[in-house]
Amino acid sequence: KPVAVINDVYKIYQKNKDAPAVHALDGVSVTIPEGQYLAIMGPSGSGKSTLMNMLGCLDRPTKGDYLVDGTNVAQMNDEDLSQIRGQKLGFVFQAFNLIPQLTVLENVQVPLFYQGLPKHLREEAAKDALSKVSLSDRLTHRPSQLSGGQMQRVAIARALVNKPAILLADEPTGNLDSKTGNDILNMFDDLHRGGLTIIMVTHDESVADRCQRIIRLKDGKLDRDEMMQPTTA
Ligand code: ADP
Ligand code: ADP
């Protein structure tokens, strides 16, 4: 059963009538089955950010359909899109994007603030998510008191706290040394084994090789779509 279906999607930027149109996405179709671990690759300017923004319901396609968990979100208004983001999607970024003034426990609750959940249920969900990333002993720390790897684990807990259908990760190891990055990727492997759908943008072939599938964009088009051989360890 697909968790995300992108059907003949275009994203066309045009500043004004006389400016040239930029086809950031130019007829892209991808079906992502539930539980898949997918990497998006491609040179700079090929449309990766545009595709991720659309997958993350941060932006709408100019044309085409995008179904998240069976719901067509392609023409939804901003309010409905943000609702879908809160219910269905978790985000992890290269720069972690934690709020410096908030503690670890508070940062992880941020996606729950909009749902009107009582405080004790928010905290319970946040503690549960933080235990999954082995950070139960850092609840009252601020981001500045943590290592890069710990900050990214807080960000992963924040992404998981609303039990999303899809985890979207944009260069999640881009700001980490290779050992710490490897720890984060091991965590993604565990989440994948637990059944989570993960979509990750990366420039790093060795990172992409750990995924089940790699799609490569070129000039806004799907250039290659390859399934990786499952490794029998
Ligand atoms: P990537 O993430 O692969 O580097 P992007 O999705 O950022 O690629 O960009 C794809 C193309 O769309 C590029 O030519 C870029 O300049 C253009 N583009 C992206 N966003 C905008 C925008 N807001 N306005 C105009 N052009 C844009
Ligand atoms: P990344 O560093 O992830 O590859 P980019 O640097 O290509 O991303 O783009 C970052 C953001 O800037 C994108 O979300 C895109 O919407 C915007 N952007 C990219 N190119 C342009 C452009 N030519 N004009 C306006 N905005 C752009």
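Rules used in this analysis
- Residues numbered from 1 in each chain as written.
- Chains lettered and ligands numbered in written order.
- Predicted model: local features only at pLDDT ≥ 70, side-chain atom pairs only at ≥ 80, totals over all residues.
- Heavy atoms only, no water.
- Helix = DSSP H or I, 4+ residues; strand = E, 2+ residues; numbered from the N terminus.
- Rg over C-alpha atoms; globule rule 2.2 N^0.38 Å.
- Buried < 20%, exposed > 50% of the residue type's maximum accessible area, 1.4 Å probe, protein only.
- Areas by Shrake-Rupley, 256 points an atom, 1.4 Å probe, with all protein chains shown as cover.
- Lys, Arg positive; Asp, Glu negative; His and termini not counted.
- Charge placed at Lys NZ, Arg CZ, Asp CG, Glu CD.
- Expected span 1.5 Å × (residues − 1).
- Arc of directions from axis to C-beta.
- Contact = heavy atoms within 4.5 Å.
- Near = heavy atom within 4 Å.
- Polar contact = N/O pair within 3.5 Å; in protein donor to acceptor, adjacent residues only side chain to side chain.
- Nonpolar A, V, L, I, M, F, W, Y, C, P; charged D, E, K, R; others polar.
- Salt bridge = Lys/Arg side-chain N within 4 Å of Asp/Glu carboxyl O.
- 1 Å grid on protein atoms, 1.4 Å probe; cavity = no way out; pocket = protein on both sides within 12 Å on 5 of 7 lines; lining within 4 Å.
- Points joined across faces, edges and corners; volume = space filled by probe spheres on them.
- pLDDT = per-residue confidence, 0-100.

1. Brief notes about the overall build of the protein chain
Then, number 1: Secondary structure assignment for the protein chain yields seven helices and 10 strands.
Then, number 2: A compact globule built from 233 residues should have a C-alpha radius of gyration of about 17 Å, and the protein chain, at 18 Å, falls within 12% of that.
Then, number 3: Viewed in the frame of its principal axes, the protein chain has a C-alpha envelope of about 55 × 45 × 35 Å.
Then, number 4: The buried share among the 233 residues of the protein chain stands at 47%.
Then, number 5: As displayed, the protein chain has an accessible area near 11,800 Å², and 49% of this comes from carbon and sulfur atoms.
Then, number 6: Where the 26 positive side-chain charges of the protein chain centre and where its 28 negative ones centre are 3 Å apart.

2. Some remarks on helix α4 (residues 119–132)
Then, number 1: The end-to-end C-alpha distance of α4, which contains 14 residues, comes to 20 Å, matching closely the 20 Å that a straight helix rising 1.5 Å per residue would cover.
Then, number 2: Of the residues making up α4, those classed as buried are R122, A126, A129 and L130. An end-on view of α4 places all buried positions within 100° of arc, on one side of the element. Structural note: α4 exposes H120, E124 and K132 on the side pointing more than 90 degrees away from its buried face.
Then, number 3: Downstream of α4 by one or two residues, S134 has phi in the positive range, about 55°.

3. Here we look at helix α5 (residues 148–160)
Then, number 1: Along its 13 residues, α5 runs 18 Å from first to last C-alpha, staying within 8% of the 18 Å computed at 1.5 Å per residue.
Then, number 2: Of all the 13 residues making up α5, 11 are buried; the element is thus mostly covered by neighbouring parts of the structure.
Then, number 3: Turning to α5, its buried residues are G149, Q150, M151, Q152, V154, A155, I156, A157, R158, A159 and L160.
Then, number 4: The secondary structure elements touched by the buried residues of α5 are β6 (89–92), α3 (104–109), α4, β7 (166–170) and α6 (178–193).

4. Thoughts on the site of ligand 1
Then, number 1: Around ligand 1, the surrounding shell consists of Y13, V22, A24, P43, S44, G45, S46, G47, K48, S49 and T50.
Then, number 2: One of the backbone nitrogen or oxygen atoms of G45 is found 2.7 Å away from an oxygen atom of ligand 1.
Then, number 3: With respect to ligand 1, the side chain of S49 contributes an N or O atom lying 2.6 Å from an oxygen atom.
Then, number 4: Mapped onto the shell around ligand 1, the elements with two or more residues apiece are β2 (22–33) and α1 (48–55).
Then, number 5: Looking at the shell around ligand 1, the element that brings in the most residues is α1, giving three residues.
Then, number 6: Among the residues making up the shell around ligand 1, the classes are represented as four nonpolar, six polar and one charged.

5. Brief notes about the pattern of salt bridges
Then, number 1: Applying the stated criterion across every chain, the model contains 15 salt bridges.
Then, number 2: Between D69 and K88 there is a salt bridge, and its shortest N-O distance comes to 3.0 Å. Here the residue D69 occupies a position in the loop between β4 (63–68) and β5 (71–72), and K88 occupies one in helix α2 (residues 78–88), the gap between them amounting to 19 residues.

6. Some remarks on the layout of surface pockets
Then, number 1: When its volume is computed, the largest pocket comes out at roughly 540 Å³.
Then, number 2: In terms of lining residues, the largest pocket is bounded by 20 residues, among which R85, G86, F91, P111 and Y114 are the most central.
Then, number 3: Counting only elements with at least two residues in the lining of the largest pocket, the list comes to α2, β6 and α5.
Then, number 4: Considering every element that reaches the lining of the largest pocket, the biggest residue donor is α2, with six residues.
Then, number 5: In the lining of the largest pocket, the residues fall into nine nonpolar, eight polar and three charged.

7. Describing the side chain of R216
Then, number 1: Take R216: it is sitting in strand β9 (residues 213–218).
Then, number 2: Given a relative accessible area of 15%, R216 falls into the buried group.
Then, number 3: Of note is the side chain of R216, whose polar atom sits 2.9 Å from the side chain of E205.
Then, number 4: Discounting residues that sit within four places of it in the chain, R216 has contacts with M41, E205, K221, L222, D223, R224 and E226.

8. Comments concerning the confidence of the model for the protein chain
Then, number 1: Considering every residue of the protein chain, the mean pLDDT works out to 95; 98% of them sit at 70 or more.
Then, number 2: The ipTM value of the predicted complex is 0.73, and its pTM value is 0.90.

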